Amino acid sequence: MDIGVISVRYARALLKSATDAKIEDAVYTEMQQLAKSYAEVPQLRHTIDNPMLSKDKKQELLLTAVGKNSCGLTKAFIGLVLKEDRENVMQFIANSYVTLYRQQKNVIRGRLITAAAVTPATEQKMRQMVESKTNGTVEFETEVNPDIIGGFILEYDTYRMDASVKSKLNSILNTLK
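Small disclaimer: the values here were computed from a predicted structure and weren't measured.

Undergrad: How would you sum up the overall build of the chain? Please name residues and give values.
TA: Helix and strand counts for the chain come out as eight helices and four strands. Going from N to C terminus, the chain has its helices and strands arranged as α-α-α-α-α-α-β-α-β-β-β-α. Radius of gyration (C-alpha) of the chain: 20 Å, far over the 16 Å computed for a compact globule of 177 residues. With the principal axes as the frame, the chain shows a C-alpha extent of 65 × 35 × 30 Å.

Undergrad: Just give me the short version of helix H2 (residues 24–40), but keep the residues and values in it.
TA: For H2, spanning 17 residues, the distance from its first C-alpha to its last is 24 Å, which sits close to the expected 24 Å at 1.5 Å a residue. Its buried side turned inward, H2 meets helix H1 (3–20), helix H3 (42–49), helix H4 (55–66), helix H5 (72–83), helix H6 (90–105) and strand E2 (137–144).

Undergrad: Which residues make up the side chain of Gln91, and what values go with them?
TA: Here Gln91 is to be found in helix H6. With near-sequence residues (within four places) excluded, Gln91 lies in contact with Tyr38 and Arg45.

Undergrad: Give a description of the packing of H4 against H5 that names residues and reports values.
TA: Between H4 and H5, whose axes approach to 10 Å, the crossing angle comes to 140 degrees. One finds that H4 runs oblique with respect to H5. For the pair H4 and H5, the sense of crossing is right-handed. Residues Lys55, Lys58, Gln59, Leu62, Leu63 and Val66 of H4 pack against Thr74, Lys75, Ile78, Gly79 and Leu82 of H5. The residue inventory of the contact of H4 with H5, partitioned by class, reads five nonpolar, three polar and three charged.

Undergrad: Got a sec to walk through the nonpolar core? Specific residues and values, please.
TA: Core analysis: the largest hydrophobic core is formed by 32 residues, its most contacted members being Met31, Leu34, Leu62, Met90, Ile93 and Tyr97. Mapped onto this core, the elements with two or more residues apiece are H1, H2, H3, H4, H5 and H6. With seven residues, the top contributor of residues to this core is H6. Those residues in contact with Met31, other than ones at most four positions away along the chain, are Leu14, Thr74, Ala94, Tyr97 and Val98. Formed by eight residues, the second largest nonpolar core is a distinct cluster that contains Ile108, Val130, Phe140 and Tyr156.

Undergrad: Describe the environment of Thr137, listing the residues and the values that go with them.
TA: Turning to its location among the elements, Thr137 is positioned in strand E2. In the structure, Thr137 is positioned 10 residues away from Arg127 in sequence and 8.8 Å away in space, judged by C-alpha atoms. Not counting residues up to four positions away in its chain, the partners in contact with Thr137 are Asn106, Val107, Ile108 and Glu131.

Undergrad: How would you explain the sheet that holds strand E4 (residues 159–164) if you had to name every residue and give the values?
TA: Two pairing modes exist for strands in a sheet, parallel and antiparallel, and in both the strands are linked by backbone hydrogen bonds. In space, the four strands of this open sheet follow the order E2-E1-E3-E4, with mixed pairing throughout. Two strands bound the open sheet, and with one partner strand each, they are E2 and E4. Each strand of the sheet is rotated relative to its neighbour by a mean of 15 degrees, with strand direction disregarded. In this structure, strand E1 (residues 107–114) lies alongside E2, joined through eight bridges in parallel fashion. Bridge pairing in E2 places Gly110 opposite Phe140. Here helix H7 (residues 120–134) sits on the sheet in contact with E1, E2 and strand E3 (151–156), set at roughly 140 degrees to E2. Packing of helix H8 (residues 165–176) onto the sheet brings it into contact with E3 and E4, and relative to E4 it is tilted by some 80 degrees.

Undergrad: Hey, could you go over a nonpolar patch on the surface for me, with residue numbers and the actual values?
TA: A cluster of nonpolar side chains, contributed by Ile149, Val165, Leu169, Ile172 and Leu176, occupies part of the molecular surface with about 490 Å² of accessible area. Along the chain, the position of Ile172 falls in helix H8. By relative accessible area, Ile172 is classed as partly exposed at 49%.

Cut-off values and rules
- The written sequence of each chain sets the order in which its residues are numbered from 1.
- Reporting in this predicted model follows two pLDDT cut-offs: at least 70 for local features of residues, and 80 or more for side-chain atom pairs to be given and counted; totals over whole chains, interfaces and linings ignore these cut-offs and use all residues.
- Each side-chain value is worked out from all heavy atoms of the structure, with water and hydrogens disregarded.
- The secondary structure listing takes helices from DSSP runs of H or I that are at least 4 residues long and strands from runs of E that are at least 2 residues long, numbered from the N terminus.
- In this treatment the radius of gyration is a C-alpha quantity, and the globule benchmark scales as 2.2 Å times the residue count to the 0.38 power.
- The length a helix should cover is 1.5 Å for every residue beyond the first.
- Only heavy atoms matter for contacts: two residues are in contact if any of them lie within 4.5 Å across the pair.
- All axes are obtained by fitting lines to C-alpha atoms, using only the stretch in contact for helices, and the reported angles, taken between N-to-C directions, cover 0 to 180 degrees.
- The labels follow the angle: roughly parallel below 35 degrees, roughly antiparallel above 145, roughly perpendicular from 65 to 115, and oblique for the rest.
- By convention the crossing between two helices is left-handed if the near helix lies anticlockwise of the far one by an angle smaller than a right angle, and right-handed if it lies clockwise.
- Three classes are used, and their members are as follows: Ala, Val, Leu, Ile, Met, Phe, Trp, Tyr, Cys and Pro are nonpolar, Asp, Glu, Lys and Arg are charged, and the others, Gly among them, are polar.
- Put simply, buried Ala, Val, Leu, Ile, Met, Phe, Trp, Tyr and Cys residues joined by side-chain atoms within 4.5 Å make one nonpolar core.
- Between buried and exposed lies partly exposed: a residue is buried under 20% and exposed over 50% of the maximum accessible area for its type, with that area taken using a 1.4 Å probe on protein chains only.
- We treat two strands as partners when DSSP finds at least two bridges between them.
- Patch membership is restricted to residues that have no salt bridge and whose relative accessible area is over 30%. Joining uses 9 Å for like charges and 5 Å for the nonpolar side chains Val, Leu, Ile, Met, Phe, Trp and Tyr.
- The protein chains shown are the only cover counted for residues, whose accessible areas, like all others here, come from Shrake-Rupley with a 1.4 Å probe.
- Salt bridges are defined as contacts in which a side-chain nitrogen from Lys or Arg sits within 4 Å of a carboxyl oxygen from Asp or Glu.

These figures come from the coordinates and say nothing about function on their own.
As structure tokens, then:
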């Protein structure tokens with residue numbers, strides 16, 4: 001069976017259970033942390049996939065990767081995944097849950113790149129602008145990149161607005177060539 005199909009089925013079941021229990025936001029945070037742990041610590045995947053490691057140790061590792069004070073549903077879900085010998089798709093389940101949650105709650109990821117740090121008020125204005133255009137909630141990341149010289153780059157969904165000085169100078173240079 002396809003890993004994508006398996007992971008989406010497990011993620012859907014977890015999302016439905018979490019929604020029924022009204023703890024989908026807490027589980028979302030935990031699945032984000034688990035996905036982040038897998039991304040930041042590549043050895044985690046190799047360790048979890050190791051057949052010589054006991055299921056108790058794997059569960060302990062996964063709960064540590066989820067973070068402190070994980071909810072009972074997450075603990076039970078990890079136990080179920082281990083019982084069904086599906087621990088090799090746990091990373092994909094976490095990513096699938098995050099994607100399904102964002103679709104269900106209409107959460108859009110946005111990113112603002114500036115040459116210098118912006119004030120919280122400016123960041124809030126940009127967030128509100130994106131939320132008004134998308135009619136959804138925005139998870140906003142800000143990044144400082146001095147290479148753009150000035151201005152900003154705003155990205156959300158499939159939209160990208162590049163109002164940086166660097167891109168303006170490059171367009172002038174291309175026009176002159």
